[in-house]
Structures are given as structure tokens and as C-alpha cells.
Amino acid sequence: MREDAELSPTVAIVDIYAPTLPLAQAFLDAGARVVRVQSTVDVPPAYRARPDLSSFVADIVHRGDFSATRDAVAAHRPDFVITGGETGVELADRLSESLGLPTNGSALSAARRDKFIQNETLRLAGIRATRQVLVSDEQKLRAWHGEIGGRVVVKPVRSAGNDGVRFCATPDDSVAAYREIHGSTNVFGRSNDAVVAQEYLVGTEYAVNTVSSHGRHRVTDIWRYAKMTVNGVVDRHAGVFSTPAEQVPELIGYARAVLDALGVHHGPAHLEIMLTPDGPCLVEAGIRLCGGGAAYYAHLAGGESQLEWTVDAYLHPQRFEREYVRPNSIERHVVMAYLTSPVEGVLEDYPLLEQVRALPSFHQEHLSVRPGEQLPRTVDDCTEPLMVGLAHSVAQVVADDFRAVNYLDGPGFYRVRT
């Protein structure tokens, strides 16, 4: 770190868009100067637009010439280069390594982005990983599914969230999914040139969010998924429940082992882990901040989130080292409920929203579709009409209210003009 870094450290963040603006703001609030780096010339469709640039000291667009981008970043004498979003992982790794800054390095960058390589890296490290096959042709996929039996998951190797994820009951379903995914464009605007098929893991799925500093891993917040099969979508995420770490100790050790195997020494990570009858198994990992407002609700639940831990990891590593082993606590029980529209058309109103607002644990709603806008039938995260945050000191109250939200969320919840 430069001699003047305590007064004004400079952090270059790769791919700051709307979901990761809070990370940039957390560094700004801590007194850092922020350089924004964009890893692609065009803004990925998932992000829609570049953010307001007025708070950043520079905005550097990577146009394919790594040396030019490295020199442009180096001109601002950064103390750190970190990842803002999923698309920025590899460029951030390469820049931080090339500039001699704290880094996860580039040797395992592919394993931190490619879902097939990710699981094979765990397997080579002796860590439980899902059975899978990189799909090269339809007959191989058909034969593999027949050998596995039951349901399998077919998905792109380099997308995120549930984009392109298909749950397939038969080999014919798997082949149809492969045909649909292969060569299509993902939410990041890139062609899905590779497809992976994986066994369908049965159990309870959790999101484990972490921050690392010099190879020390802090689990900041844990969320248990509630799922339903609706609108023809298998395992649609209906909500997530804040979960005390002491309730799932086996997840903590497994998550840390995954981070070690993937070479994660610095920064935030979002791990999706299935707790099966045979123990934990990774669904997939994103070596970046968790999106979807998780940091806000993690802080509401336990008084901490990935945001402040990430700032400490880079700006106050000694404090991180002292505090990272401190036990987590849950001050409020929190649920993020994701509503699912079974209808489509121009939205006129949410006629039952007042009943949701009257629930004892109601905290706030976050509207993705407002009256007057087009309401799509919900089939993925991108077509979600709204999210409802619930919070209460008593866990049963939140659980009961979540069921009430599910009950109300049907055709009568949406008044549309077709």
C-alpha cells in the first residue's frame, strides 16, 4: 500500500453495475477513491445500463488489449483491484496479479467462473463434488443421463443465477435442453458455447456468503432456500431464510474447503451448497459479492454483511484478522420472499399488496414491475415482479407470514390488462 493510502487508498473495481454499486459505495464511504473498470465494451444485457459515474475517479473500458487496460489502471496507482460482478472475475484476477497487488491469481481463474472446471477442481482436491459431464454431443448426453438415472440439471458453464438452468426428467428432456442452451445468448450477452450436465442433488439448499483476506475466510451470512415447482419451473426459488451459522456447522467447514480449493485468498464469494443426506455438496460458486439485496438483509438479520467485511479485508486487514473468527449472531429472523406471477399483461395494480403490508413481520417491498408496466409470467429471476422483505424477532412469526405471502401470491394478486 502507498504511504498515503491510509488517507486516500485507491480501489479499482471491475464491473460495477447496479447490483454491485453498494460495494463501490462502501469503499467510498470508507474514504477510498474508486476507479471503475468495465471488462467488456458493451454493457451486458443483465445490467441494462452503466451506473452514474460521477463518484468514480475514472472509468476504464477494457477493449481487448490487456496491456493497455493494465497501464490505464496502473496510472491511478491502485492499492487493490477487486471484482465487482461475475463478469469481472478473470480480468480482476489478471490485473491484480500483473500489478503485484493482493490477488487470487490467474492460475485458477477459470475454475472460479466455469461451472464444469469448478467441480472438477474440487474433485481433484478431494472435496465432494457433483457428478457431471461436459456435453460434447447429444448421444453422449443421452447415454450419461441414462446411466445417472432420475432427474439431471443441464446449464451453461458460464452464466449466473438460474439463467439457462434446466431440470430434466428424461434423456429426451436433457437433449432438448442442450439444443435450447447451446449457442444461445446468456444474460451477460455471451454465446453459450459450452454446456454441462450435472446430477440433481436432493436436500436443502443454502447460500453461504463469505469474505476472505490473505486466505482467512469469514462466513458473513447464510440463507436457506425455500423452493416450489410453479409455472412449469422446477425448484423456483420462492424465498430465502436467514440461518444462524450454529445450525449448520457442517456448511462452514465445507465452504472454507471449497474456497481453498478454488484458490480464493481475497474478497467476497457466494457459494450455493446443497446439504444432502450424505453431507454438503457444491451447486456452484460465484467469487464475487452476492446480489439481490442480500447485504442489506444480512445486516438487518445479523448486524453485518459482505460489504463492511470486504472493506475491512482490503483496508483494515489487521482488524479482519482479529475479528474473522468471532461467532455470527442473528438479531432478527429475516426472509426475502420472491413472488411469482402466473399471469402476464400490462399491470394495473397489486390488489392484495395491502394484505402483505399488514403482516406482523412485513418490512418492505421491492418492486421490479410497477403499475403501467408490462408484467411477464415469472419463469426466472429476471421476470420476478417483486420481492417482499420480512423481519421479526420471533422465527415462527416470519415463517407464518412467509406462508401467507405464498398463499396470497396467485392470479388474484395481479390485476392486468391483456
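Quick caveat: nothing in here was measured; it's all calculated off a predicted structure.

1. Examining the sheet that holds strand β1 (residues 10-14)
What links the strands of a sheet is backbone hydrogen bonding, and the strands pair in either a parallel or an antiparallel sense.
Alright, step 1. The strand order β3-β2-β1-β4 describes an open sheet built from 4 strands, whose pairing is parallel. The outermost strands of the open sheet, each flanked by one partner alone, are β3 (58-61) and β4 (80-83). Within the sheet, the average angular offset between the axes of one strand and its neighbour, ignoring direction, is 25 degrees.
Alright, step 2. Pairing between strand β2 (residues 33-38) and β3: 4 bridges, direction parallel. Looking at β3, one finds that valine 35 is bridged to alanine 58.
Alright, step 3. Here helix α2 (residues 66-74) sits on the sheet in contact with β1, β2, β3 and β4, set at roughly 170 degrees to β3.

2. Looking at the pattern of salt bridges
Close approach of charged atoms lets side chains of opposite charge pair.
Alright, step 1. This structure, assessed with the given rule, holds 25 salt bridges.
Alright, step 2. The partner of arginine 112 in a salt bridge is aspartate 93, with the nearest N and O atoms 3.0 Å apart. Linking arginine 112 in the loop between α3 (89-98) and α4 (115-124) with aspartate 93 in helix α3, this pair joins segments that are 19 residues apart in sequence.
Alright, step 3. For aspartate 93, a relative accessible area of 4% puts it in the buried group.

3. Focus on the domain arrangement of the protein
Buried accessible area, meaning the area lost when the parts come together, often serves as the stated size of an interface.
Alright, step 1. Considered domain by domain, the protein is made up of domain 1 (10-106), domain 2 (115-123 + 201-330), domain 3 (131-199) and domain 4 (332-417).
Alright, step 2. One C-alpha centre belongs to domain 1, the other to domain 3; they are set 31 Å apart.

4. A short note on the nonpolar core
Alright, step 1. Counting residues in each nonpolar core, the largest one holds 26 residues, and the members touching the most others are Leu122, Ile222 and Leu271.
Alright, step 2. The element that contributes the greatest number of residues to this core is helix α7 (residues 249-261), accounting for 7 residues.
Alright, step 3. Leaving out residues up to four positions away in the same chain, leucine 122 has contacts with Ile127, Arg128, Ala129, Tyr254, Val258, Ala261, Leu262 and Leu282.

5. Details of the layout of surface pockets
Alright, step 1. By volume, the second largest pocket is sized at about 410 Å³.
Alright, step 2. What lines the second largest pocket is a set of 18 residues, among which Thr87, Glu90, Arg113, Arg158 and Arg190 lie closest to the centre.
Alright, step 3. In terms of residue class, the lining of the second largest pocket is made up of 6 nonpolar, 7 polar and 5 charged.

6. A look at the environment of arginine 218
Alright, step 1. Relative to the helices and strands, arginine 218 is located in strand β10 (residues 216-230).
Alright, step 2. Assessed through its relative accessible area of 1%, arginine 218 is described here as buried.
Alright, step 3. A C-alpha to C-alpha distance of 20 Å links arginine 218 and valine 334, two positions 116 residues apart in sequence.
Alright, step 4. Residue contacts for arginine 218: discarding those within four places in its chain leaves Asn209, Thr210, Val211, Glu304, Trp309, Phe320, Glu323, Tyr324, Val325, Arg326, Pro327 and Asn328.

7. Comments concerning the side chain of lysine 115
Alright, step 1. Relative to the assigned elements, lysine 115 resides in helix α4.
Alright, step 2. Residue class for lysine 115 comes out buried when judged on its relative accessible area of 2%.
Alright, step 3. Only 3.3 Å separates the side chain of lysine 115 from the backbone oxygen of alanine 285, close enough to count as a polar contact.
Alright, step 4. Excluding anything up to four places from it in sequence, lysine 115 contacts Glu86, Gln132, Lys155, Pro156, Val157, Ser159, Gln198, Glu284 and Ala285.

8. What about the packing of aromatic side chains?
Alright, step 1. The tally for this structure, following the rule as stated, stands at 11 aromatic pairs.
Alright, step 2. Between phenylalanine 80 and tyrosine 314, the ring centres sit 5.2 Å apart and the planes meet at 65 degrees, which makes this aromatic pair edge-to-face. Here tyrosine 314 lies in helix α9 (residues 306-315) and phenylalanine 80 lies in strand β4, a separation of 234 residues in the sequence. Each member of the pair, phenylalanine 80 as well as tyrosine 314, is classed as buried.
Alright, step 3. Grouped by ring-pair contacts, the aromatic residues Phe27, Phe80 and Tyr314 constitute a single cluster.
Alright, step 4. Across the ring face of tyrosine 200, the terminal group of arginine 151 is positioned such that the distance to the ring centre comes to 5.1 Å.
Alright, step 5. Taking NZ or CZ as reference, arginine 224 lies 4.5 Å from the ring centre of phenylalanine 241, over its face.

9. Concerning unusual backbone geometry
Alright, step 1. In this structure, aspartate 15 takes a positive phi of about 70 degrees despite not being glycine.
Alright, step 2. Positionally, aspartate 15 belongs in the loop between β1 and α1 (21-29).
Alright, step 3. By relative accessible area, which is 1% here, aspartate 15 ends up buried.
Alright, step 4. In this model, aspartate 235 sits at a positive phi of 55 degrees, which is unusual for a non-glycine residue.
Alright, step 5. Secondary-structure assignment places aspartate 235 in strand β11 (residues 233-242).

Definitions and limits used
Residues numbered from 1 in each chain as written. Predicted model: local features only at pLDDT ≥ 70, side-chain atom pairs only at ≥ 80, totals over all residues. Heavy atoms only, no water. Pairing = 2+ DSSP bridges. Helix = DSSP H or I, 4+ residues; strand = E, 2+ residues; numbered from the N terminus. Axes fitted to C-alpha atoms, helices over the stretch in contact; angles between N-to-C directions. Contact = heavy atoms within 4.5 Å. Salt bridge = Lys/Arg side-chain N within 4 Å of Asp/Glu carboxyl O. Buried < 20%, exposed > 50% of the residue type's maximum accessible area, 1.4 Å probe, protein only. Domains from an automatic or database assignment. Core = buried A, V, L, I, M, F, W, Y, C linked by side-chain atoms within 4.5 Å. 1 Å grid on protein atoms, 1.4 Å probe; cavity = no way out; pocket = protein on both sides within 12 Å on 5 of 7 lines; lining within 4 Å. Points joined across faces, edges and corners; volume = space filled by probe spheres on them. Nonpolar A, V, L, I, M, F, W, Y, C, P; charged D, E, K, R; others polar. Polar contact = N/O pair within 3.5 Å; in protein donor to acceptor, adjacent residues only side chain to side chain. Phe/Tyr/Trp six-rings, centres within 6.5 Å; stacked < 30°, edge-to-face > 60°. Lys NZ or Arg CZ within 6 Å of the ring centre and 35° of its normal.

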